[in-house]
Amino acid sequence: MLHPVILSGGSGSRLWPLSRQNLPKQFLALVGEHSLYQETVLRASRLPGAQAPVTVCSDDHRFMVGEQLQGIGIPSGGILLEPLARNTAPAIALAALHLIAASPEAMMLVLPADHLIEDEAAFRDAVERALALAEAGWLVTFGIQPDYPETGYGYIARGEALGEDGFKVARFVEKPDLATAEAYLADGGYAWNSGMFLFKAQRYLDELAAHAPAMLDAVRKAHVAARGDLDFIRVDADAFAASPNDSIDYAVMEKTARAAVVPVSCGWSDIGSWSSLWSVAERDGDGNRTEGDVIAVDTRDSLVRASERRLIATLGVEDLVIVDTPDATLVARKDRVQDVKIIVDKLKQAGRQEHLFHRKVYRPWGSYDSIDMGERFQVKRIVVNPGAALSLQKHHKRAEHWIVVSGTAEVTCDDKVFDLHENQSTYIPLGSVHRLRNTGDAPVELIEVQSGSYLGEDDIVRLDDVYGRR
């Protein structure tokens, strides 16, 4: 049986300002109606013999993973929470240990959550060819047939043929300069390193034991001490932190004598930058990809993405990327978008928040949108999903006013519990223990006005929370 393992730990910083730490690119619908994560899960679910997917993600994204699986009607084979980032090799080891506990012969198909594949039939054919090699004990990676000299990807050099299914890996190559990439393309024996793998879970652990025993020891301890938390599996944070931080390429694939590559041409892209998104998107006759409220005049070969509430107009420009969000706008030449991470680094250095959060923030109970803020006040538009509830909490440094716009909210304030209907409001004094619950079958929308000496999200003392947050 084939067990898809979805790696969903990336931050997608090169797609800022749309992709941010609390809502990275894999959970965004960048191409089509589903997010990249959902597309990856759906694609894997259609493979012959595919079982429920195992997802490895950060603790911060656990509810998004659960909600997005529910949104496409796919059951989970386990959602493993990384307490901190330790790269792909430990993440895959966690999934392998999880799988062999129930199925010692488990076959793992490891897929990054944020890749695009346009030719699903070619992908399926490559997986079927790779299965024969994996059954024979090979650790298989998928090499994308290059059609231009890309300098943003690593490459795989083919070795001797392994029948008709694939080749031995001769070597892995870091991202090359343009001249080297052109030479690889002309040679014909090199492929882009896709970061997708297929192997038996036990074979991977055996290779890890041989080449990175300290990593395997740390991950095994973290897994043994794991505990269930609602629909999630929390591994031991201290044990996992002791693992070396390494990719599967460095930890295993470059060292094993049993690495194989299966070539495939399947319309693959890692959507690693705005220019790569432009290249795979449907464009108009002038080469433009526009989304939202956009007026483009004498504009060529550009990507323009407007936010929900603002018009973007362009005049006499070309080869630009313009991405607007409610709190940040990026304007860049298309040939410079690989450097967007520099802006993210500057935001971090300045202690700002725009690389971490959108103005609209999703929570397991719904969402809130920070409409306005200033010294000693903040205004939020809050939406609480049917059947959902905020935590029972209090604040030391702020009071709140709630005004219900639509729906009916059940309000707890100290020893009082009462309903609040449309156009009604209430006051939550500083220090009061309070909760808002939606007991109806329609969303509750309200306006919250906060006032006080400090308005940060860390001034929340949770006394009880149905989602297990601390």
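Residues numbered from 1 in each chain as written. Predicted model: local features only at pLDDT ≥ 70, side-chain atom pairs only at ≥ 80, totals over all residues. Heavy atoms only, no water.

J.: Any details on helix α4 (residues 120-135)? Residues and values, ideally.
T.: Between its terminal C-alpha atoms α4 stretches 22 Å, which fits the 22 Å expected from 16 residues at 1.5 Å a residue. Those residues of α4 that fall on the buried side of the exposure criterion are A122, F123, A126, V127, A130, L133 and A134. A distance of 3.3 Å separates the backbone nitrogen of A121 from a side-chain oxygen at the start of α4, and that oxygen is part of D119. Remark: G137 follows α4 within two positions and exhibits a positive phi of approximately 100°. (Helix = DSSP H or I, 4+ residues; strand = E, 2+ residues; numbered from the N terminus. Expected span 1.5 Å × (residues − 1). Buried < 20%, exposed > 50% of the residue type's maximum accessible area, 1.4 Å probe, protein only. Polar contact = N/O pair within 3.5 Å; in protein donor to acceptor, adjacent residues only side chain to side chain.)

J.: Describe the UniProt feature "domain: MannoseP isomerase/GMP-like beta-helix" (unreviewed entry) in the protein chain, naming the residues involved and giving the relevant values.
T.: UniProt's feature table lists "domain: MannoseP isomerase/GMP-like beta-helix" (unreviewed entry) at residues 292-347, given in the numbering used throughout. Here residues 292-347 runs as 14% helix and 41% strand, with 26 Å between its end C-alpha atoms. (UniProt positions renumbered as here; feature names shortened; annotations may be inferred.)

J.: So what's going on with the sheet that holds strand β16 (residues 303-305)? Residues and values would help.
T.: Ordered by their spatial adjacency, four strands build an open sheet running β14-β16-β18-β19, and the pairing between neighbours is mixed. Both outer strands of the open sheet, β14 (289-291) and β19 (328-333), are each paired with one neighbouring strand and no more. For this sheet, the mean inter-axis angle between neighbouring strands, taken without regard to orientation, is 5°. As paired elements, β14 and β16 share three bridges and run parallel to each other. Across the sheet, residue T290 finds its bridge partner in β16, namely V304. (Pairing = 2+ DSSP bridges. Axes fitted to C-alpha atoms, helices over the stretch in contact; angles between N-to-C directions.)

J.: Report on unusual backbone geometry, specifying residues and quantitative values.
T.: Cis geometry is adopted by the peptide bond preceding P17, which originates at W16 and carries an omega value of 10°. Its place among the elements puts P17 in the loop between β1 (2-8) and α1 (36-45). Of note, the phi angle at D301 is positive, near 50°, even though the residue is not glycine. Tracing the backbone shows D301 in the loop between β15 (294-297) and β16. A relative accessible area of 31% places D301 in the partly exposed class. In this structure, D414 is a non-glycine residue whose phi angle is positive, near 55°. Take D414: it is sitting in the loop between β25 (409-413) and β26 (416-420).

J.: Please set out the UniProt feature "domain: Mannose-6-phosphate isomerase type II C-terminal" (unreviewed entry) in the protein chain residue by residue, giving values where relevant.
T.: As recorded in UniProt, the feature "domain: Mannose-6-phosphate isomerase type II C-terminal" (unreviewed entry) lies at residues 351-465. Between the C-alpha atoms that bound residues 351-465 there is a distance of 29 Å. The span itself is 0% helix and 56% strand.

J.: I'd love a proper account of empty space enclosed by the protein, names of residues and values included.
T.: By rolling a water-sized probe across the atoms, one finds the places where empty space is left. Counted under the stated rule, the structure contains two cavities of 30 Å³ or more. Around the largest cavity sit 19 residues that line it, and W365, L390, Q393, E457 and I460 are the ones nearest its centre. For the lining of the largest cavity, the secondary structure elements donating two or more residues are β22 (377-384), β24 (398-406) and β29 (444-452). Broken down by element, the residue count for the lining of the largest cavity peaks at three residues, all from β24. (1 Å grid on protein atoms, 1.4 Å probe; cavity = no way out; pocket = protein on both sides within 12 Å on 5 of 7 lines; lining within 4 Å. Points joined across faces, edges and corners; volume = space filled by probe spheres on them.)

J.: Give a detailed account of the side chain of S194, specifying residues and quantitative values.
T.: Its location among the elements puts S194 in strand β9 (residues 190-200). Exposure remark for S194: the relative accessible area of 2% places this residue in the buried category. A distance of 2.7 Å separates a polar atom in the side chain of S194 from the backbone oxygen of F142.

J.: Report on the nonpolar core, specifying residues and quantitative values.
T.: Counting 90 residues, the largest nonpolar core has L109, F123, V140, F142, L198, W274 and V384 as the members making the most contacts within it. Of all the elements, α4 adds the most residues to this core, at seven residues. Contacts of W274, omitting those with residues within four sequence positions, involve R14, L15, W16, L18, L303, V321, V323, L330 and V337. One finds L7, L94, F172 and F199 within the second-largest nonpolar core, a separate group that totals 42 residues. (Core = buried A, V, L, I, M, F, W, Y, C linked by side-chain atoms within 4.5 Å. Contact = heavy atoms within 4.5 Å.)

J.: I'd like a rundown of the packing of helix α3 (residues 88-100) against helix α6 (residues 201-211), residues and numbers included.
T.: At a closest axis distance of 9 Å, the pairing of α3 and α6 adopts a crossing angle of 130°. As summarised for this structure, α3 and α6 are arranged oblique, according to the angle between their axes. For the element pair α3 and α6, the recorded crossing hand is left-handed. On the side of α3, the interface is formed by A89, I92, A93, A96, L97 and I100, while α6 contributes A201, Q202, Y204, L205 and L208. (Parallel < 35°, antiparallel > 145°, perpendicular 65-115°, else oblique. Left-handed = near helix turned anticlockwise from the far one by under 90°.)

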